[in-house]
Amino acid sequence: MRRALASVGAALVLTGGTMVASTGVSQAAGPLPCDIYASGGTPCVAAHSTTRALFQNYNGPLYQVRRASNNQTLNIGVLEAGGYANAAAQDSFCANTTCVISIIFDQTTRHNDLTPAPPGGVGGQDNPVPADALPVTAGGRNVYGAEFSGVMGYRDNSTSGVATGSQPEGMYAVMSGTHFNSGCCFDYGNAETNNLDNGNGHMDAIYFGTLCWFSPCNGGGPWVMADLENGLFQSNTGGSQNASYTGNRNPYVTTTLKNNGTNFFALKDGNAQSGGLATRFSGALPVPPFRSGYSPMHKEGAIILGIGGDNSNSAIGNFFEGAMTAGVPSDATENAVQANIASVGYGGPSPVAPGTLNSGSTISLRATTSGFTDRYIRHQNNNAVTSVITSGSSAVDKGDGSWIVRRGLANNSCVSFESRNFPGEFLRHQNFQVFRQPMNGSTLFRQDATFCPQAAHAGTGTSFAAMNFPTRFLRHFNNTLFIASNGGSNNFDTTTNWAADTTWAVSTPWTP
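Cut-offs and rules
- Residues numbered from 1 in each chain as written.
- Predicted model: local features only at pLDDT ≥ 70, side-chain atom pairs only at ≥ 80, totals over all residues.
- Heavy atoms only, no water.
- Helix = DSSP H or I, 4+ residues; strand = E, 2+ residues; numbered from the N terminus.
- Buried < 20%, exposed > 50% of the residue type's maximum accessible area, 1.4 Å probe, protein only.
- Contact = heavy atoms within 4.5 Å.
- Pairing = 2+ DSSP bridges.
- Axes fitted to C-alpha atoms, helices over the stretch in contact; angles between N-to-C directions.
- Core = buried A, V, L, I, M, F, W, Y, C linked by side-chain atoms within 4.5 Å.
- Expected span 1.5 Å × (residues − 1).
- Salt bridge = Lys/Arg side-chain N within 4 Å of Asp/Glu carboxyl O.
- Disulfide = S-S within 2.5 Å.
- Phe/Tyr/Trp six-rings, centres within 6.5 Å; stacked < 30°, edge-to-face > 60°.
- Lys NZ or Arg CZ within 6 Å of the ring centre and 35° of its normal.

**Q** Quick question: what am I supposed to make of the overall build of the chain here?
**A** Scanning the chain for helices and strands turns up six helices and 34 strands. Considering only C-alpha atoms, the chain reaches an extent of 70 × 60 × 40 Å along its principal axes. For the chain, the proportion of its 512 residues judged to be buried stands at 58%. For the chain, the share of sequence-separated contacts (at least 6 apart) that also reach a separation of at least 24 residues comes to 66%.

Structure follows, in structure tokens:
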């Protein structure tokens, strides 16, 4: 049950069996997305965010975390009414252990809270997302987004006020154009209430990713589409009718969908950090002979996040905030919501001086072996390799060769390396080779992605021991990155140049 936050400083207070992070004195905020929707005559019936309040007077919990050490939970609230998440309370509560997001609370009075999704027609029980996998800033505050890395998802099958049948509705979600795949289906919106595929028109949800259901899909994506069940639609003919829309790779992407339930739907997206929305399609719902069952719709009113209506759960993605409305919002209302989102200033974590191993610092890691000192660790097709990077290199090469230092995912005294241009993805060893992979929250991943700095094995610099294989160190061999021991049966364990190959210069980043 939800508990309002008491105004008693920054303490953790046990309320109704669950700890709550209390906040300071409430302060008024300007109109926020759900205030804007209400002013436009299309009030929110669900509002979810891990980063901020979506009503100017909201002073309740945003989400709940559960820690692994004792399964105790903490509701994470806002710093002030209408404000941003109290991430410091999460950091304190989860120190020296790991936490997952066990509930994403609905900020409306309807209590359409999201919990890990049960098994469905496709896929078993879904996992909650790790609570600390996606540190970002919003409004200049450190907060956490929700990073989904497959077999993760949330659902509420017993909602209040969400559109059913052919009732009209709208929705928006802030997602990410840097963490996506072609799995089914990274959705937010309306779905079946029994976790099954109940046929055409039984869903009405935003999809964002690169699963091309109907041709054409222009460019490389990811694209905003409407998941109407048994199809991801960019238009009423399925595929894109907009040759200029090749996808949206911005790190923060606003996506919108509205559907009057009888004969109209529209899709928009935009850069959540600046600018306005672009209409990708606005027109009729699919009709025969192309497809039947969508006009009118047969919405059921469940809410899903990160999965498909039948619990298809192979998608990855990032989620920061979203809401669903009663009625179809006007273009002016959606534009005002986008302006508010852009004013938040979503970005990376608070800046830390670059070129150090302090948590939050952005770095590049340069090889120190003679003849290879112009090569840096970078990711390429998900593999960790070394490449020559210079001031004349492309922006892609420089981005691929830049990393954000995070406190060790499995040990706070060590470090983990998050990709600069693929937020939420880390250097991780697997069968002794190193890859760039999305954080999945598992204990094994956390250990595989944690490296402990030690004195340089050769000259000056730093060597990095794998936390769960302490005699193995990050090493470049034939331009590929491994964790290698000083001698062994693998060719990359050769003692030749081992000391130099395992010594790295922590440098200022190619991409700050």
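Next, the rest of the story.
**Q** In this structure, what is going on with the sheet that holds strand β18 (residues 265-271)? I would like to understand it.
**A** Strand pairs in the sheet, formed through backbone hydrogen bonds, run parallel or antiparallel to each other. The six strands lie next to each other as β3-β22-β12-β17-β18-β19, forming an open sheet whose pairing is antiparallel. The open sheet terminates on both sides in strands that have one partner only, identified here as β3 (44-49) and β19 (277-283). Strand after strand, the sheet turns through a mean of 10 degrees between neighbouring axes, direction not considered. With six bridges connecting them, β18 and β19 associate as antiparallel partners. Directly across from A266, in β19, lies its bridge partner S282. Each of β12 (169-175), β17 (253-259), β18, β19 and β22 (321-326) is contacted by helix α3 (residues 331-344), which is oriented at about 160 degrees to β17, the strand it contacts most.

**Q** What exactly am I supposed to notice about the nonpolar core here?
**A** Nonpolar side chains in soluble globular proteins tend to be buried together. Ranked by internal contacts, the top residues of the largest apolar core, which has 83 residues, are V65 and F148. Element by element, the count of residues in this core is highest for β12, at five residues. Not counting the four nearest positions on each side in its chain, F148 is found in contact with V129, G153, Y154, H179, F186, L305, G306, I316, G317, N318 and F319. With 18 residues, the next largest nonpolar core counts I363, I377, F464 and I483 among its residues.

**Q** Got a minute to help me understand the environment of F445 in this structure?
**A** Within the secondary structure layout, F445 lies in helix α5 (residues 443-448). Linking F445 and L409, residues 36 residues apart in sequence, is a C-alpha distance of 8.5 Å. The residues contacting F445, other than those within four sequence positions of it, are L409, F426, R428, Q437, P438, M439 and N440.

**Q** Looking at this model, I keep getting lost on α3. Mind explaining?
**A** Given a rise of 1.5 Å per residue, 14 residues ought to cover 20 Å, and the 20 Å separating the end C-alpha atoms of α3 matches this to within 8%. For α3, the complete set of buried residues consists of T333, E334, V337, Q338, N340, I341, A342 and V344. Positive backbone phi, approximately 70 degrees, marks G345, located one or two places after α3.

**Q** Just checking my understanding: could you explain the pattern of salt bridges for this structure?
**A** Note that side chains of opposite charge can pair when their charged atoms are close. Following the criterion strictly, the structure yields 17 salt bridges and no others. Close ionic contact of R446 with D132 constitutes a salt bridge, the shortest N to O distance being 3.0 Å. Taken together, the residues span a long stretch of sequence, with R446 in helix α5 and D132 in the loop between β7 (115-116) and β8 (135-138) at a distance of 314 residues. Exposure class is identical for R446 and D132. Each is buried. We note a salt bridge from R475 to D501, for which the minimum N-O separation is 3.1 Å.

**Q** Help me understand the pairing of strand β9 (residues 141-144), please; the structure alone is not making it clear to me.
**A** A regular strand places its side chains on the two faces of the sheet in alternate fashion. Where β8 lies against β9, four bridges are found, and the strand directions are antiparallel. In the sheet register, A138 faces β9, and the bridge partner there is R141. Linking two consecutive strands that pair antiparallel, namely β8 and β9, is a turn of two residues; a positive phi of about 60 degrees is found at G139 within it.

**Q** Help me understand the state of the cysteines in this model?
**A** Taken as a whole and assessed by the stated rule, the structure comprises five disulfides. Described in terms of the sequence order of its bonded cysteines, the disulfide pattern of the chain is 1-2, 3-4, 5-6, 7-8, 9-10.

**Q** Would you mind going over the sheet that holds β7 with me for this structure?
**A** Taken in spatial order, the seven strands line up as β7-β11-β20-β13-β14-β15-β16 in an open sheet, and their pairing is antiparallel. Single-partner strands in this sheet number two, and they are β7 and β16 (232-233). Where strand β13 (residues 187-191) meets strand β14 (residues 204-209), four bridges bridge the pair, whose relative direction is antiparallel. Looking across to β14, one finds that G189 is bridged to A205.

**Q** Would you mind showing me how to read the environment of R407 here?
**A** Inspection of the secondary structure assignment puts R407 in strand β26 (residues 403-407). With relative accessibility at 33%, the residue R407 sits in the partly exposed group. The spatial distance from the C-alpha of R407 to the C-alpha of P351 is 15 Å, given a sequence separation of 56 residues. Sequence-distant contacts of R407, that is, excluding residues within four places in its chain, are made with D91, D132, Y144, S359, N412, C414, V415 and S416.

**Q** Hey, could you run me through the packing of aromatic side chains in this one?
**A** Evaluated as defined, the whole model comprises 18 aromatic pairs. Geometrically, the ring pair formed by F482 and F492 is stacked, given 4.3 Å between the ring centres and 10 degrees between the ring planes. Here F482, found in strand β33 (residues 480-484), pairs with F492, found in the loop between β33 and α6 (498-501); they are ten residues apart in sequence, far enough to count as distant. A relative accessible area of 12% places F482 in the buried class. Judged by its relative accessible area of 8%, F492 falls in the buried class. Connected via pairs of aromatic rings, a cluster forms that spans F214, F233, F290 and Y294. When the ring centre of F290 is taken as reference, the NZ or CZ atom of R291 above it lies at 4.9 Å.

**Q** Please explain the side chain of T50 as it appears in this structure.
**A** Considering the arrangement of structural elements, one finds T50 in the loop between β3 and β4 (63-67). Residue classification places T50 among the buried positions, given a relative accessible area of 0%. Filtering out sequence-adjacent residues up to four positions away, T50 remains in contact with L62, Y63, A85, I101, Y144, G145, A146, F319 and F320.

**Q** Would you mind showing me how to read unusual backbone geometry here?
**A** Most peptide bonds are trans, and most residues other than glycine sit at a negative phi. Note that the residue after C184, namely C185, is joined by a cis bond; omega there is -10 degrees. The topology assignment puts C185 in the loop between β12 and β13. The omega angle of the peptide bond from G221 to P222 is 0 degrees, so this bond is cis rather than trans. The backbone of H111 shows a phi angle near 60 degrees, a positive value even though the residue is not glycine. Within the secondary structure, H111 sits in the loop between β6 (99-104) and β7. One non-glycine residue with positive phi stands out, namely N230, at about 55 degrees. As for its placement among the helices and strands, N230 is situated in the loop between β15 (223-227) and β16.

Treat this as a map of the structure, not an account of what it does.
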